[in-house]
Amino acid sequence: VSGILLAAVLIFLYFFVFNPLPSAPYLTAEPGFMELKVPQTPLNAIIPAAPTGPGNAADDYAKAMAFYKQHAADIDKTADIAPYNAATASADPWANPDFKACKDLADLVAEGTKKAEMRYTFVMTPKKLKPYFQVDYAREMYQICLGSSQCYQVCKDRKEYAKAEKYMQDAFILGWHMFNERALADMSMQGLDIMVEAVKYLQELYNIWPEAPKDRLRSLKEYENELLGIREYDKQKRRLLWDSLPLGRSSGDQFYPGDVLVMVENEQDHAWKVQAILTLGPMKYRVVGRGDLKQAKSLIQKYLRSEDPLLKAAAECANELTRDQYQRLGMIEDE
């Protein structure tokens, strides 16, 4: 009996004092939750072809972002009913300076959509991450699709359907580039939102355009449904890795440290893996379980040695986060 009691005490000391276990996963236990989510419908079923041009589309998108910052007030005025109706009814809508600004912005975006890939993070930005979810430049890149979107509306209302199609395809490729960068989760989600809107608008266009490629309508709907499914997964991942994390948040979401730990090691979408590692920083001050804290610190040390610059930068950010910074996460806007 004394031997059994001694063994029980030793087991207790090992697992609860010297080597406490981390929390079990919860939502990530769902089959396929951590798989890379991409639409299965071929891209050439909804647009003529994927872009193949050389170079980095981020160069063009950066120019478009700078242009938008200079002309945002002018571009925003094109949403007013009176100038919009006047422009669409005129012989040349782009003669209006505000609408010309929209077209110039759309043309800058179009240059980027010719290129096969877009690398913005750590190419156009400092090689250092912040302990937030929202990324300013991802939101700014979302804004530049306004030029293409407004030009689409003008051309559609003027029954210049082929031109409208091109503008919306450009907006789609902008979102596709952002979604496929796979660097930061906010960039992916912003790109996903652009793609969702673009495929909806293309369906709208094809339903009123007599000469439209009607054979694409079914594929566009399938693609839209796939994107919406991916967006739901992304929303769940954001809740796990950010919404329920900072003190002072009123999201009502419960924080599951076991899910974060599992995602750090097993998430197959690189952008969400980066976000999971970033989450380890606030986790140091959020968790109460000794096993969770030990595992979080161990994973930070592991990824500090990563050869992947984004994973390493995420670990550096998590490692450097102080308690004071954590306590202010829920009291200030994302940066």
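Here the structure is a predicted model, which is why all the values come from computation and not from measurement.

*Asks:* Where do I start with helix H11 (residues 270-286) in this structure?
*Replies:* Residue pairs three or four apart in sequence face the same way in an α-helix, which turns once every 3.6 residues. Helix length check: H11, at 17 residues, gives a terminal C-alpha distance of 24 Å against a target of 24 Å (1.5 Å per residue), a fit within 8%. Within H11, the axis deviates most sharply at Leu280, by approximately 35 degrees, and proline Pro282 lies no more than four positions further along. Within H11, 14 of the 17 residues are buried, which leaves it mostly tucked inside the rest of the structure. Where H11 begins, one side-chain oxygen reaches toward the backbone nitrogen of Ala271, 3.0 Å away; that side chain belongs to Asp269.

*Asks:* Sorry if this is basic, but what is going on with the confidence of the model for the protein here?
*Replies:* In low-pLDDT regions, the fine details of the predicted coordinates are not to be read closely. Mean pLDDT over the protein stands at 92; residues scoring 70 or higher make up 90%. Scored below 50 in pLDDT, residues 9-16 makes 8 contacts in the model with residues more than four places away or belonging to other chains.

*Asks:* How should the side chain of Thr279 be read in this particular structure?
*Replies:* Here Thr279 shows up in helix H11. On the accessibility criterion, Thr279 (1% relative accessible area) is buried.

*Asks:* How should I be thinking about the packing of aromatic side chains in this particular structure?
*Replies:* Aromatic ring pairs: the centre-centre distance and the angle between the two ring planes describe each pair. Taken as a whole, this structure holds 11 aromatic pairs when the rule is applied. Between Tyr152 and Tyr201 the ring centres are 5.3 Å apart and the planes differ by 50 degrees, which places this aromatic pair in the tilted class. Taken together, the residues Tyr152 in helix H6 (residues 145-157) and Tyr201 in helix H8 (residues 185-208) connect sequence positions 49 residues apart. Tyr152 sits in the buried class, given a relative accessible area of 0%. Between the aromatic rings of Tyr161 and Trp209, the centroid separation amounts to 6.1 Å while the plane-to-plane angle is 35 degrees, which identifies the pairing as tilted. Here the residue Tyr161 occupies a position in helix H7 (residues 161-181), and Trp209 occupies one in the loop between H8 and helix H9 (217-243), the gap between them amounting to 48 residues. Assessed through its relative accessible area of 10%, Trp209 is described here as buried. Here the aromatic residues Tyr161, Tyr206 and Trp209 are joined through ring pairs into a cluster of three or more. Against the face of Phe179 rests Arg182, its NZ or CZ located 4.4 Å from the ring centre. The cationic tip of Lys237 hangs over the ring face of Phe33; the distance from NZ or CZ to the ring centre is 5.6 Å.

*Asks:* How should I be thinking about the pattern of salt bridges in this particular structure?
*Replies:* Working definition: two side chains of opposite charge can pair if their charged atoms are close together. The full count for this structure, using the stated rule, is 23 salt bridges. One salt bridge in this structure joins Asp104 and Lys100, with 2.9 Å as the shortest N-O distance. You can see Asp104 and its partner Lys100 sitting in helix H4 (residues 97-112), 4 residues apart, about one turn around the helix. With a shortest N-O distance of 2.8 Å, Asp269 and Arg182 are connected by a salt bridge. Placement of Asp269 in the loop between helix H10 (257-266) and H11 and of Arg182 in the loop between H7 and H8 is noted, with a sequence separation of 87 residues between them. Each member of the pair Asp269 and Arg182 is classed as buried. Ionic contacts of the salt-bridge type, sharing partners, join the residues Asp74, Lys77 and Asp98 into one network.

Calculation criteria
- The residue count restarts for each chain, going from 1 along the sequence in the order it is written.
- The predicted origin of the model limits local features to residues at a pLDDT of at least 70 and limits the giving and counting of side-chain atom pairs to 80 or more, whereas totals for whole chains, interfaces and linings rest on all residues.
- Computation of side-chain values: all heavy atoms of the structure, hydrogens and water removed.
- Each helix corresponds to a stretch of at least 4 residues labelled H or I by DSSP, and each strand to a stretch of at least 2 residues labelled E; elements are numbered beginning at the N terminus.
- For a helix, the expected span equals 1.5 Å multiplied by the residue count minus one.
- Two axes are fitted around each residue, one to the seven residues ending there and one to the seven starting there, and the angle between them is reported as the bend at that residue.
- Throughout, exposure labels follow a simple rule: accessible area from a 1.4 Å probe, protein chains only, divided by the maximum for the residue type, with under 20% read as buried, over 50% as exposed, and the rest as partly exposed.
- Here a polar contact is taken to be a pair of N or O atoms separated by no more than 3.5 Å, where protein atoms must pair a possible hydrogen donor with a possible acceptor and residues adjacent in sequence count only if both atoms sit in side chains.
- Per-residue confidence from the predictor is given as pLDDT, running between 0 and 100.
- Contact definition: two residues touch when any of their heavy atoms are within 4.5 Å.
- Between 30 and 60 degrees the pair is tilted, below 30 it is stacked and above 60 it is edge-to-face, where a pair is any two Phe, Tyr or Trp rings, Trp via its six-membered ring, whose centres lie within 6.5 Å.
- By the criterion adopted, a ring carries a charge over it if an Arg CZ or a Lys NZ lies within 6 Å of its centre and within 35 degrees of its normal.
- For salt bridges, the criterion is a side-chain nitrogen of Lys or Arg within 4 Å of an Asp or Glu carboxyl oxygen.

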